[in-house]
Amino acid sequence: MGVAGPVPSSTGRPQEPAMSREEVDRALARLGAEHEAIESSLLALQDHAGRRLLEGAELTGRTKDRWSITEQAISLLWTYFDAYTDTLTAAREVRGRRRWPTAGELAELTELLRGSGITLPSSATLTGAALLSEQVGVEELVARMNRWYAEALDVIVAADAVWSALPARIDMLSAELQRTRSLAHSVGVRPGEHPAGDDLEEITAELAALRAEVVRDPLAFWTRGSGSAAPGGGRPDTGRYDRAARALEDVRREIEAVLGVRQDAERRLMHLRDLLSRADRTLAEARQARGEVLAKIAASEVPVVSGPPTALQEQLAAAAEYRRRSQWHRLSPLLESLEQRAEDELLRARESLTAVTAPLAVRAELRGRLDAYKAKVARHGMAEDPLLVERFDVARRMLWSAPCDLRAAEAAVLRYQQAAAEALAPPRTEHRPEPADRTGEHR
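Residues numbered from 1 in each chain as written. Predicted model: local features only at pLDDT ≥ 70, side-chain atom pairs only at ≥ 80, totals over all residues. Heavy atoms only, no water.

This part covers the overall build of the chain. In terms of helices and strands, the chain carries 13 helices and four strands. Expressed as a percentage of its 443 residues, the buried residues of the chain come to 34%. Relative to all contacts within the chain whose residues are 6 or more apart in sequence, the contacts with residues 24 or more apart total 72%. As displayed, the chain offers around 25800 Å² of accessible surface, 53% of which is attributable to carbon and sulfur atoms. (Helix = DSSP H or I, 4+ residues; strand = E, 2+ residues; numbered from the N terminus. Buried < 20%, exposed > 50% of the residue type's maximum accessible area, 1.4 Å probe, protein only. Contact = heavy atoms within 4.5 Å. Areas by Shrake-Rupley, 256 points an atom, 1.4 Å probe, with all protein chains shown as cover.)

Laid out in structure tokens, this is it:
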């Protein structure tokens, strides 16, 4: 009797040699373990928070395209898993009939475990195939499920990682942006009036656009890691966020500088007002002193005192208006000019007061000198000297009369000084010849 050849399989291909009982048992154990692992993975994928977010989101761009394919892949994964379960159940049923399977049962098990008898629905949108259905073996089915699971998990993990990282950071940066906007408004940094105000508007628009794009197309902000083939291998692309954060930090420093300018401007404006107020008081004192000098001193060279400079007051009012409108770029150079002019004005007022009151100072100096010489004369017991008394009275009447003729009074004081000096000078001794002795010779 001849030996029978390979029996054609259900697909028309020559049937492989039948598996042994041990090979069947090992294959069933391995496929059973894989079945449990795949089922656990599919259930975890079904419950993944990222998948639920993707299902409920209004997606655009790259994420919309990839999620459309991924959704179909997940649906087919369950269909394939059901086919895998049916095949494994059928093989277990055949193997469970008897302890030592017959040759026919081993051939049937070989066809189930190694053949291509599993009929699957078309996956044209995933693979580009145009078949309505296809037939694969268990090994091909498991390999395809593992591949599609990894691709689906990659999409879900990447989207979830971007959504977990970027929106929260954008919201925190937006909160910081609002605080910066409030501070900017308080110091007058507004759009159209200050470059930092325009920058804040641009950052606000960029963050709003960035958040909307991240929510709708998270995969556009995912950078795959180099050399990593694991699902979700990569990191969120934070380039745009980082640029916005740096721009906001630059604006914040600019606003802090403006805040420093504002505080400094307050101090400088107060100092300016104080300088001009002191200058006005000094000029007022000089005008009052001039009237007193003209009344008390007979002199025509007393300088005229000018009034307060109206131009400085007008510029000071303009500086206050710049401060009120927060126009710091105009205020700073104006303050620098005003400070120097206010210092000059105070110096001019003081010089005017000094020039106006000079005759009174001269009179006071002459009075002091006259009294000093009188005291000196009295210490030497010559207070009653008629000449000195006369000259003292003349000088005193001139110095204490109004108006006082300073030139005449100074001359009178000088005459009294001269008389006192002469009176206090020691007497001069005359040289006399030595007396001769009785013999007529000089000793």
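Our next topic: the packing of aromatic side chains. The full count for this structure, using the stated rule, is three aromatic pairs. An angle of 85° between the planes, with centres 6.1 Å apart, marks the rings of W78 and F81 as edge-to-face. Of this pair, W78 and F81 both sit in helix α3 (residues 61-95), separated by three residues, roughly a single helical turn. Looking at W78, the relative accessible area reads 24%, which means it is partly exposed. Look at F81 and you get buried, because its relative accessible area is 5%. Above the ring of W400, the side-chain terminus of R367 is found at 4.3 Å from the ring centroid. (Phe/Tyr/Trp six-rings, centres within 6.5 Å; stacked < 30°, edge-to-face > 60°. Lys NZ or Arg CZ within 6 Å of the ring centre and 35° of its normal.)

Another point: the side chain of T70. One can find T70 in helix α3. Residue class for T70 comes out buried when judged on its relative accessible area of 6%. Not counting residues within four places of it along the chain, the set of residues in contact with T70 comprises A152 and V155.

Relative to the elements of secondary structure, A27 occurs in helix α1 (residues 21-47). Residue A27 is classed as buried on the basis of its relative accessible area, which comes to 9%. In this structure, A27 is in contact with M19 and L113, ignoring residues within four places of it in sequence.

Counting residues in each nonpolar core, the largest one holds 42 residues, and the members touching the most others are A319, L335, L388 and L399. Going through the elements one at a time, α8 (239-296), α9 (310-324), α10 (328-356), α11 (358-379), α12 (386-399) and α13 (406-424) are the ones with two or more residues in this core. Of all the elements, α8 adds the most residues to this core, at ten residues. Excluding its chain neighbours within four sequence positions, the residues that come into contact with L399 are R363, L366, R367, L370, C404, A409 and V413. (Core = buried A, V, L, I, M, F, W, Y, C linked by side-chain atoms within 4.5 Å.)

Next up on the list: the pattern of salt bridges. Inspection of every chain in the model, using the stated rule, returns 29 salt bridges. R30 is paired through a salt bridge with E139; the nearest N and O atoms lie 2.8 Å apart. Residue R30 is found in helix α1, and its partner E139 is found in helix α6 (residues 138-186); the two are separated by 109 residues along the sequence. Taking the relative accessible area as the measure of exposure, R30 reaches 36% and is therefore partly exposed. We note a salt bridge from R252 to E256, for which the minimum N-O separation is 2.4 Å. Linking R252 with E256, this pair stays in helix α8, spanning four residues, or about one helical turn. Classification of E256 as partly exposed rests on a relative accessible area of 40%. (Salt bridge = Lys/Arg side-chain N within 4 Å of Asp/Glu carboxyl O.)

Distances and angles like these do not, on their own, reveal function.
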